[in-house]
Amino acid sequence: MKEFIEYLTRQIDAGRADIAGLEEEGRQDDADFAKVRTNIYEVCRTVTNALAARPNAGAGAVKAQLERFRTAWQAALDKAREHGDARNVVVEETKLTALADVIAHFPEAEE
Amino acid sequence: MTQENALRIFKSLSDTSRLRIVRALTQGDMYTELLAERLDLTPSTVSFHMKKLEEAGLVISRKEQYYTVYSLDRSLLEQPLFDVAAAEPEQTDEQQKREDEYRRKVIDSFFEYGKLRAIPVQRKKKLICYEVIAERFVPGRVYSEQEVNEIIAPIHEDHCTIRRDMIGEGILKRNGSEYVRVR
């Protein structure tokens, strides 16, 4: 789990650099979406740190929480698409893409 | 052209990604996926930026089979910058403008995709929300209680409270089992 946390931290650092770069380029809306993406890595790191250390929780509880996020955000994306809400479509897609990346890097052996 | 339109144009162009989209469109009409590929953005991000450019009147979209094709509205872009910058503000009552702004904020915070998130506690906000709900009723038309409930229930689960409140606030009028929108 230590490597996973380190991976999330690297993504957060890279995300912060992206945000700064996009703001520097005058791409404020894209920078806002990069903030959303970075925030997902932060949320996942917080969840992992909190649940992984808890007795009777561990990696299984972290994975279950990530799956709950996926269900909720997919529903939010469907809703945004249904209502033609262009901003929220990008926000929810960004969240789901980051989450898929997080899940793909989740340590399988520790599940 | 009003100052409000000018502001929308400047705001939409004060973003490098949107300026890049406009620059790409100067070479010809393009569809979302092609713009996304050229500008290294996701299609949904391009759609988001296109919506802002469309709202500013800078871009026009049309459907071609499965694609949405965008083109520049050259009549607007070819206007002298001097004329855009010198546009006069729309003549509106300042008090009315503030009230409209407040109303819009209340609606944005209490409604999501046409559903009421919660019944506001503050009466002023509650009235605004009920006026929005009232728009679903045709003024003067007589509704049964079931019809009233069927209109309100998809907006908020506590349709009984809302129905009673709307009567109390004089938005709906009850006559026996019949309801009429009076405001």
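Residues numbered from 1 in each chain as written. Chains lettered and ligands numbered in written order. Predicted model: local features only at pLDDT ≥ 70, side-chain atom pairs only at ≥ 80, totals over all residues.

A.B. asks: Describe in detail the nonpolar core, supporting the description with residues and values.
C.D. replies: The nonpolar side chains of soluble globular proteins are, as a tendency, buried together. All names here are of chain B. If you look at the biggest cluster of nonpolar residues, it comprises 13 residues, and the most contacted ones within it are M50, L53, L58 and V59. Put simply, the parts of the chain that give this core at least two residues each are α1 (3–13), α2 (16–25) and α4 (43–55). Of the residues forming this core, the biggest block, three residues, is contributed by α4. Judged by nonpolar contacts, the second largest core, of eleven residues, contains C129, I152, L172 and Y179. (Core = buried A, V, L, I, M, F, W, Y, C linked by C-beta atoms within 7 Å. Buried ≥ 20, exposed ≤ 12 C-beta atoms within 10 Å, placed from the backbone. Helix = DSSP H or I, 4+ residues; strand = E, 2+ residues; numbered from the N terminus.)

A.B. asks: Run through the sheet that holds strand β2 (residues 59–64) of chain B, naming residues and quoting values.
C.D. replies: Residues and elements named next belong to chain B. What the three strands build is an open sheet, ordered β1-β3-β2; its pairing is antiparallel. The sheet terminates laterally at β1 (30–31) and β2, the two strands that pair on one side only. Here two bridges tie β1 to strand β3 (residues 67–72), and the two strands are oriented antiparallel to one another. Residue pairing across strands places M30 opposite Y70, the latter belonging to β3. (Pairing = 2+ DSSP bridges.)

A.B. asks: So, the sheet that holds strand β6 (residues 142–144) of chain B: which residues are in play, and what are the values?
C.D. replies: Residues and elements named next belong to chain B. Pairing in this open sheet of three strands is antiparallel, and the strands run β6-β8-β7 from one edge to the other. Unpaired on one side and paired on the other, β6 and β7 (172–175) mark the two borders of the sheet. Direction aside, the axes of adjacent strands within the sheet are offset by 35° on average. The pairing of β7 with strand β8 (residues 178–181) spans four bridges and is classified as antiparallel. For K173, the partnering residue across the bridge sits in β8 and is V180. (Axes fitted to C-alpha atoms, helices over the stretch in contact; angles between N-to-C directions.)

A.B. asks: Which residues make up the interface of chain A and chain B, and what are the values?
C.D. replies: Across the boundary between the two partners, chain A contributes 14 residues, which contact ten residues of chain B. With five residues, the top contributor of residues to the side of chain A that touches chain B is helix α4 (residues 86–104) of chain A. Looking at the side of chain A that touches chain B, its residues break down into four nonpolar, three polar and seven charged. (Contact = placed C-beta atoms within 7 Å. Nonpolar A, V, L, I, M, F, W, Y, C, P; charged D, E, K, R; others polar.)

A.B. asks: Run through the packing of helix α3 (residues 32–39) of chain B against α4(B), naming residues and quoting values.
C.D. replies: All names here are of chain B. One way to put it is that α3 packs onto α4 with a least axis distance of 8 Å and a crossing angle of 105°. One finds that α3 runs roughly perpendicular with respect to α4. Across the interface between the two elements, T32, E33, L35 and A36 from α3 touch P43, V46 and S47 from α4. Grouping the amino acids of the contact of α3 with α4 by side-chain chemistry returns four nonpolar, two polar and one charged. (Parallel < 35°, antiparallel > 145°, perpendicular 65-115°, else oblique.)

A.B. asks: If you had to explain the packing of helix α1 (residues 2–24) of chain A against helix α2 (residues 28–52) of chain A to someone new, which residues and values would you point to?
C.D. replies: All names here are of chain A. The contact between α1 and α2 brings their axes to 9 Å, and the two run at 165°. Taken together, the axis directions place α1 and α2 in an arrangement best described as roughly antiparallel. α1 and α2 meet at a crossing whose hand is left-handed. For the contact of α1 with α2, the class distribution of residues is ten nonpolar, seven polar and eight charged. (Left-handed = near helix turned anticlockwise from the far one by under 90°.)

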